[in-house]
Amino acid sequence: MQQEWIDFATECNMKLFICVAACERRGLQIPRALEVNYPFQFAGLGQLTEAMVESDRLVAFL
C-alpha cells in the first residue's frame, strides 16, 4: 500500500504528510531518513493549520 501512495503522490505532484503525534501514539518508529527518499514528510498541527488556511478542502484518513 505504501508504494501505491508513493505512485499517487508522484502522479499528482503532491506531498504526503505524516502526523508525528499520531505516529507516537501508535508506537510507530519511522526513521526520519524516509523523508529524503519518499514523498512523505513529517508534520505537526502547525503545518496542518497552515495547509487548511491555504486550501479549499482537507482529506484525512483516520
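It should be emphasised that the depicted structure is a prediction, and the values quoted were computed from it without experimental measurement.

A. Region of the structure containing the pairing of strand S1 (residues 16-19). Only one face of S1 is buried, namely the one carrying Leu16 and Ile18, since none of Phe17 and Cys19 on the opposite face is buried. Across 4 bridges, S1 lies against strand S2 (residues 40-43) in parallel orientation. Directly across from Leu16, in S2, lies its bridge partner Phe40.

B. Representation of the packing of aromatic side chains within the structure. The tally for this structure, following the rule as stated, stands at 1 aromatic pair. When the ring of Trp5 is compared with that of Phe8, the centres are 6.1 Å apart and the planes differ by 80 degrees; the resulting orientation is edge-to-face. Taken as a pair, Trp5 and Phe8 lie in helix H1 (residues 2-12) at a separation of 3 residues, close to a single helical turn. In this structure Trp5 comes out as partly exposed when scored by relative accessible area, which is 30%.

C. Seen up close, unusual backbone geometry. One non-glycine residue with positive phi stands out, namely Asn13, at about 50 degrees. You can call Asn13 exposed: its relative accessible area is 72%.

D. How the structure looks around the pattern of salt bridges. In the structure shown here, the tally under the stated rule is 1 salt bridge. For Arg57, the salt bridge identified is with Asp56, shortest N-O distance 3.6 Å. Taking relative accessible area as the criterion, Arg57 reaches 64% and is therefore assigned exposed. Given a relative accessible area of 66%, Asp56 falls into the exposed group.

The rules behind these values
Along every chain, residues carry numbers that run from 1 in the direction the sequence is written. In view of the model being predicted, local features appear only for residues whose pLDDT reaches at least 70, and side-chain atom pairs are presented and counted only at 80 or more, with totals across whole chains, interfaces and linings using the full set of residues. Note that water and hydrogens are dropped before the side-chain values are worked out from all heavy atoms of the structure. Buried means the residue's accessible area, taken with a 1.4 Å probe over protein chains only, is under 20% of the maximum for its type, while exposed means over 50%, and partly exposed covers the values in between. In this description a helix means any DSSP run of H or I spanning at least four residues, a strand means any run of E spanning at least two, and both kinds are numbered starting from the N terminus. Only when DSSP finds a minimum of two bridges between them are two strands counted as paired. In this scheme Phe, Tyr and Trp rings, the latter by its six-membered ring, pair at centre separations within 6.5 Å, and the angle between planes marks the pair as stacked below 30 degrees, edge-to-face above 60, and tilted otherwise. Counted as salt bridges are all cases of a side-chain nitrogen of Lys or Arg within 4 Å of a carboxyl oxygen of Asp or Glu.

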